[in-house]
Amino acid sequence: MVNTLSGIRLPHAPFLYKPSAGSTSLSDRNKTHVSLLFKKHPSSRMISAVKSSYDSDSPSSVVAASEKVLVPGVHCDGSSSSTDQFEGVDTDAEDSEIFQDADSMKVEDDRGISDDNIGKEATSGYSELDGKKDSVASPATTENVKADNVEPSVLSPNISKKKDMARQRSIPPPGTGQRIYEIDPLLKSHRDHLDYRYSHYRKMRDSIDEYEGGLEMFSRGYEKFGFNRSATGVTYREWAPGAKSAALIGDFNNWNPNADIMTRDNFGVWEIFLPNNADGSPPIPHGSRVKIRMDTPSGIKDSIPAWIKFSVQAPGKIPFNGIYYDPPEEEKYSFKHPRPKKPKSLRIYESHVGMSSTEPMINTYANFRDDVLPRIKKLGYNAVQIMAIQEHSYYASFGYHVTNFFAPSSRCGTPDELKSMIDRAHELGLVVLMDIVHSHASNNTLDGLNMLDGTDSHYFHSGSRGYHWMWDSRLFNYGHWEVIRFLLSNARWWLEEYKFDGFRFDGVTSMMYTHHGLQVAFTGNYNEYFGFATDVDAVVYLMLVNDLIHGLFREAISIGEDVSGMPTFCISVQDGGVGFDYRLHMAIADKWIELLKKRDEDWRVGDIVHTLTNRRWSEKCVSYAESHDQALVGDKTIAFWLMDKDMYDFMALDRPSTPLVDRGIALHKMIRLITMGLGGEGYLNFMGNEFGHPEWIDFPRSDQHLPDGRVVPGNGFSYDKCRRRFDLGDADYLRYHGMQEFDRAMQHLEEACSFMTSEHQYISRKDEGDRMIVFERGNLVFVFNFHWNNSYFDYRIGCLKPGKYKIVLDSDDKLFGGFNRLDHNAEYFTSEGWYDDRPCSFLVYAPCRTAVVYALVENDPQPVLRAPIQLC
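This is a predicted model, so every value here is computed, not measured. (Residues numbered from 1 in each chain as written. Predicted model: local features only at pLDDT ≥ 70, side-chain atom pairs only at ≥ 80, totals over all residues. Heavy atoms only, no water.)

## What to know about the overall build of the protein chain
- The secondary structure content of the protein chain amounts to 16 helices and 38 strands.
- Taken over 872 residues, the protein chain has a buried fraction of 63%.
- Just so you have it, the protein chain exposes about 31,600 Å², and 50% of that area is on carbon and sulfur atoms. (Helix = DSSP H or I, 4+ residues; strand = E, 2+ residues; numbered from the N terminus. Buried < 20%, exposed > 50% of the residue type's maximum accessible area, 1.4 Å probe, protein only. Areas by Shrake-Rupley, 256 points an atom, 1.4 Å probe, with all protein chains shown as cover.)

As C-alpha cells, then:
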C-alpha cells in the first residue's frame, strides 16, 4: 500500500534504492521517485527518531464568544497613582499596520546568471568591515537580476505585485543610540563600551545598506541560497569556501556524482542550474532525496544542503536525508486567517508538539491543531510557544541541537501541515511564537552544519571558542558576513513562510558572553556586562535581528532567554538597547525550587517579593513558576516537589486526601498566582503544569556508554514519559481538575482586568511573622497568607481607592480543590485613614495557605469562574 501526502509518495515498508550506472540525461531525471520513508501509525504517519552515534549531546469548532468570562462592574483600568511604589511600563501596543506577507515569490530568472556574470559583479560583493575587505561576502546573493528586469514569462502579475508589496516594507534606519543614558544614568560609566557597541552596529547596518541593498534585501538569502525554482528550472547554491569540488546528487540523477558538477565563484559559493525537462516538468521531482557531495580538507563527504527546507530520517537509518520540497501550487497550504494583533497582556502556553498526545507516541501537527489548540484557547492563554520546530536529529535534545535550520521537524508532519496548524491558531486568536535556536548548532557532521565544507571554521568559531563544552555543540561566529546572512534570513523565513508571530530566542546568555554564562554568578555589577567577556559581535547580531523582526513585522514579538540580567536588553535598538520586547524572568523558577527544598517555617515572604519584583525599570519580563526545564527527568515539577508519590494514590475525590496533598494543592495555586501577579508583564506555563502534571519528561533513549566506562541506563526507547496526560486535568473526579480550573481562572482574570500590564503596582505588606503578602495591581488587591497553620479574622489590609470590594478569585474555592472557607457574597467596605501607607483599608478573613483577589466594584460582580467547563 502506498499513501500520497502533498504529492509525495510514502511507502510504508522500508525501501532501499541502489544507484545504478544508468543514464543521467535530463529526460531521465523524473524516473526515480521519492524515498520519504514513514512509519505507519494508526492515527498518523510519523518518522522514526533515533539518536545517531555521532550526535551531540478535522478541525474542532471555534470557541464560542459566549464562553469568554467577564467581570461586570469591576474597575480594571489600572490607573496610576503618585503613591505607587513601583511604576511599570505602558505596554499598549501601537495601532500599526499589519504588513501583508509576500509568499512564494522568486524574482530571479536563473538563466541569466552565469559564472561570467557573477565574476563580473565580484567587486560589488565586498564588505568593508573595520576598514578591511571581507573576502567571503558573496556577490551571488545580491540582487543580480532585479524584478523589473525579469522577462514577463518568469513572473506572473500576482507574484510581481506581491513582490512589489514586499519591497515597500522598510526597516527604520539606526537612531542615535543615546537614550539608554537617560533611561539608566548608571550606564554612563560604561559609555565607551556601549558607544563602541552601537558604532559597530551602525557600521554593520551601513555595510549591509551599501553592499546588499539594505537589511530587507539581505535577509532574503533563502531566495538565492539553497534550491530556488524559476520558470525555466532550478538553481542550487551553497556557500562552502573550504570545498575543493562539489556536485549535486540525489534520486533525480541516480546519485551519480559526475552528473551535475557545480561551479565555484571567487567567494566560495558553489552553484548549478538544472533546466526543466523536455516536457516542462521540474528537473528535481517534489519529495526527492538530495545531498551535496564535496571534496573537502576532511575528505569526500555527502551533506544535507545548509538551506534545505525539509529533511527526513528513514526508519532504521541514522542520518537524515535532505528533501527537495516543492509541491504543486494546488497542493500547497494557503493561509486563510490573518495574524492576531499583538496582545497587550502576553499569556504563553509553552508547548512541544511531539509530546502533546495523551498516548505514548510522537504527536503530529494535525493532531495538535485539532486537539490541543482549542484546549489552549479555553484555558484562557492568548499565545502558544512551540518548541522543537527546527529539525533536530536527536529527539531527546528537546529541539535544541538543530541540524537543519530552515526545515520544520519532520517527525510531526510536513511543512504544509505545520502551516495548517499555525493558521488554525490564528483562527482561534492565538499568537504563535517559535522557540528559535540561534545560540548554537548540533555538532553532527553528516546531517548538520558542522564541518559542512570540511573545516571547523565554516559557520562557527574554530577551536575551543567554537565549541560549547556543556552542551556538546558548535558556536556560531557572529562576526562573519555569511553567518549573519544565514541567521537573519532564517528568522525572516519562519515569520514570512510559516506566519509565526515572533520568537523566543534560546540561550541568549550563551551568545552575549565569551564565557557563555558558565560557572559565572551574575551579581548585577555593571562591570559583568560591559567588558572583554562580552561578545560584541553576538550582541550586534541580536540588535540586527530585532531590527529585522520589528521593522518588517510590526506586530511581531521577540523574547530573549537571558539569565544574566544584561542592562538595555529590552530597550529598543534605536535607543541603544538590544531590542527585545521581553526578557524571560528565569530567576523566579529557581527561587521556587530553592524554597521548595526548605520547610515552610524557613520561607521568607520578603525574599519571595524581592525575587518577583527584581527587574529593570522599563524593561518588560515574562514570568513563570516553571517551564519545560523543571519538568525534565532528573528534575521535578513544582507539583512533584510538593506532593511526591502521594500524587499517584490520593488525587481521587472519592477518597480521603493527605496533609501532603492538601498542602501541595494549596501552595501550587498560590505560587502560580503570585508569580503572575508580581513577576512581570507576561506569564508562561509549560503544557500540563497547569494541572500539576504528575510525571517528569523522559524522552525515549537507549543506554549511554560514557568514556570513563560508566553506563547511564536508558528506558528502552519508551514514550511512556514523553507525553502529556491531559485526561487527568479534565477528569472532574480527580484533584488535578481543581488545579487546572484555578489556572484557567487566573488567565481569565487577567483577560478581564489586565493587571499584569497595569502601571499601578504597590506592595503594602510583607509580614514575616504573619507570613502575609498584600499588594495592589491595577484596581485589584491581592492577599496571600503563606502561613501553614494560622488563619486571620478581621485582618486589615490597605488599599488605594475607597468603595466596595468583592472577591473575584479565591484559591480556597471548592471548585479549585479548596475548603470553601470564604463567603463570595460578602461585601467589603473601606474605611478612611492611613494603613500600611495606604489612604484606605478594609477587613478580611485570610485563611491559612490561601490567595484571594478583591476588586473595587460598582455593581455586584460574579466570580471569574464558578462552574467547570469541559475541555476538549
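Next, the rest of the story.
## As for the sheet that holds strand β27 (residues 682-686)
- Read around the closed barrel, the eight strands follow the order β15-β16-β19-β23-β24-β25-β26-β27; overall the barrel is parallel. Sheet twist, expressed as the mean angle between neighbouring strand axes with direction ignored, is 30°.
- Taken together, the four bridges between strand β23 (residues 502-505) and strand β24 (residues 557-560) define a ladder with parallel strand orientation. Residue pairing in the sheet places R504 in a bridge with I559 of β24. (Pairing = 2+ DSSP bridges. Axes fitted to C-alpha atoms, helices over the stretch in contact; angles between N-to-C directions.)

## Regarding the side chain of T850
- Take T850: it is sitting in strand β38 (residues 850-857).
- Looking at T850, the relative accessible area reads 1%, which means it is buried.
- Polar side-chain contacts of T850 include one of 2.6 Å to the backbone oxygen of P847.
- Residues contacting T850, with those up to four places away along its chain left out, are M670, V783, F784, N785, S811, D812 and R821. (Polar contact = N/O pair within 3.5 Å; in protein donor to acceptor, adjacent residues only side chain to side chain. Contact = heavy atoms within 4.5 Å.)

## Quick word on the nonpolar core
- Within the largest apolar cluster, 184 residues are counted, with the highest numbers of intra-cluster contacts made by Y459, F476, W494, F500, W592, I674 and F784.
- With twelve residues, helix α10 (residues 536-552) is the largest single contributor of residues to this core.
- M772, V783, Y805 and Y828 belong to the second-largest nonpolar core, a separate cluster that totals 20 residues. (Core = buried A, V, L, I, M, F, W, Y, C linked by side-chain atoms within 4.5 Å.)

## Notes on the side chain of R663
- Within the fold, R663 resides in helix α14 (residues 659-678).
- Given a relative accessible area of 15%, R663 falls into the buried group.
- Aside from chain neighbours lying at most four places away, what touches R663 is D600, W603, L642 and R849.

## With respect to the packing of helix α6 (residues 365-379) against helix α7 (residues 415-427)
- Their axes nearest at 8 Å, the elements α6 and α7 cross at an angle of 15°. Considering their axes alone, α6 and α7 lie roughly parallel with respect to each other. Between α6 and α7 lies a crossing of right-handed hand. Across the interface between the two elements, Y365, F368, R369, L373 and P374 of α6 pack against E417, L418, S420, M421, R424 and A425 of α7.
- Per-class residue counts for the contact of α6 with α7 are seven nonpolar, one polar and three charged. (Parallel < 35°, antiparallel > 145°, perpendicular 65-115°, else oblique. Left-handed = near helix turned anticlockwise from the far one by under 90°. Nonpolar A, V, L, I, M, F, W, Y, C, P; charged D, E, K, R; others polar.)

## Quick notes on α10
- Along its 17 residues, α10 runs 24 Å from first to last C-alpha, staying within 8% of the 24 Å computed at 1.5 Å per residue.
- Of all 17 residues in α10, 15 are buried, a share of seventy percent or more.
- Between a side-chain oxygen at the N-terminus of α10 and the backbone nitrogen of D537 the separation is 3.2 Å; the capping residue is D535. (Expected span 1.5 Å × (residues − 1).)

## Brief notes about the environment of R604
- One can find R604 in the loop between α11 (586-596) and α12 (605-613).
- Classification of R604 by relative accessible area gives partly exposed; the value is 40%.
- Taking the C-alpha atoms as reference points, R604 and R771, separated by 167 residues in sequence, lie 7.8 Å from one another.
- Apart from the residues lying within four places of it in its own chain, the contact partners of R604 are E768 and R771.
- Side-chain polar atoms of R604 contact the backbone oxygen of E601, separated by 3.1 Å.

## Concerning the packing of aromatic side chains
- Within this structure, the stated rule accounts for 51 aromatic pairs.
- Measuring from ring centre to ring centre gives 5.5 Å for F227 and Y324, while their planes differ by 75°; the resulting arrangement is edge-to-face. Linking F227 in strand β6 (residues 226-229) with Y324 in the loop between β14 (321-323) and β15 (346-352), this pair joins segments that are 97 residues apart in sequence.
- The side chain of K309 reaches across the aromatic face of F406, ending 5.9 Å from its centre.
- Over the ring of Y762 we find R838, and its NZ or CZ is 3.7 Å from the ring centre. (Phe/Tyr/Trp six-rings, centres within 6.5 Å; stacked < 30°, edge-to-face > 60°. Lys NZ or Arg CZ within 6 Å of the ring centre and 35° of its normal.)

## Here's the deal with the environment of H824
- Within the secondary structure, H824 is located in the loop between β34 (804-810) and β35 (828-829).
- Exposure remark for H824: the relative accessible area of 16% places this residue in the buried category.
- Between the C-alpha atom of H824 and that of D813, which follows or precedes it by eleven residues, the distance is 9.1 Å.
- At 2.8 Å, the side chain of H824 forms a polar contact with the side chain of D810.

## Structural notes on the pattern of salt bridges
- All chains considered together, the criterion is met by 50 salt bridges.
- One salt bridge connects E216 with R220, and the closest N-O pair in it is separated by 3.1 Å.
- Residue classification places E216 among the buried residues on the basis of a relative accessible area of 9%.
- When its relative accessible area of 2% is taken as the criterion, R220 is described as buried.
- Note that E427 and R424 form a salt bridge whose closest N and O atoms lie 3.1 Å from each other. In this pair, E427 and R424 are both assigned in helix α7, three residues apart and thus about one turn of the helix distant.
- For R424, a relative accessible area of 3% corresponds to the buried category.
- Where salt bridges share partners, they join E216, R220, E223, R492 and E496 into one cluster. (Salt bridge = Lys/Arg side-chain N within 4 Å of Asp/Glu carboxyl O.)

## A closer look at the sheet that holds strand β36 (residues 831-835)
- With respect to topology, three strands assemble into an open sheet ordered β33-β37-β36, the strand pairing being antiparallel. Two strands bound the open sheet, and with one partner strand each, they are β33 (792-799) and β36. Averaged over all pairs of adjacent strands, the angle between strand axes in this sheet comes to 55°, irrespective of strand direction.

## Examining the state of the cysteines
- By the definition in use, this model includes zero disulfides.
- The thiol sulfur of C570 is not disulfide-bonded, and the nearest other cysteine sulfur, from C621, lies at 6.4 Å.
- You can call C570 buried: its relative accessible area is 9%.
- Left unpaired, C840 is separated from the closest cysteine sulfur, that of C799, by 5.0 Å. (Disulfide = S-S within 2.5 Å.)

## What to know about unusual backbone geometry
- Of note in the backbone geometry, N254 takes a positive phi value of approximately 60° without being a glycine.
- Looking at where N254 falls in the secondary structure, it is placed in the loop between β8 (245-250) and β9 (263-264).
- Judged by relative accessible area, which is 11%, N254 ranks as buried.
- In this model, M451 sits at a positive phi of 60°, which is unusual for a non-glycine residue.
- Inspection of the secondary structure assignment puts M451 in the loop between β20 (441-442) and β21 (467-468).
- The exposure class of M451 is partly exposed, given its relative accessible area of 22%.

## Topic: the pairing of strand β25 (residues 582-585)
- Residue alternation in β25 divides its side chains into two sets, Y582 and L584 and R583 and H585, and both sets are buried.
- Direction of pairing for β24 relative to β25: parallel, over a ladder of two bridges. Residue pairing across strands places G560 opposite R583, the latter belonging to β25.
- Both β25 and strand β26 (residues 621-623) contribute to a ladder of three bridges, which runs parallel. Following the sheet pairing, H585 is matched in β26 by S623.

## Quick look at α6
- Look at α6: 20 Å from first C-alpha to last across 15 residues, which is about the 21 Å you get at 1.5 Å a residue.
- Considering bend angle alone, the principal kink of α6 is centred on V372 and spans about 35°; proline P374 follows within four residues of it.
- Taken across its 15 residues, α6 has twelve buried, putting it largely inside the fold.
- Taken together, the buried positions of α6 are occupied by Y365, N367, F368, R369, D370, V372, L373, P374, R375, I376, K378 and L379.
- Once α6 ends, the next one or two residues include G380, with phi positive near 100°. (Bend = angle between axes of the 7 residues up to and from the residue.)

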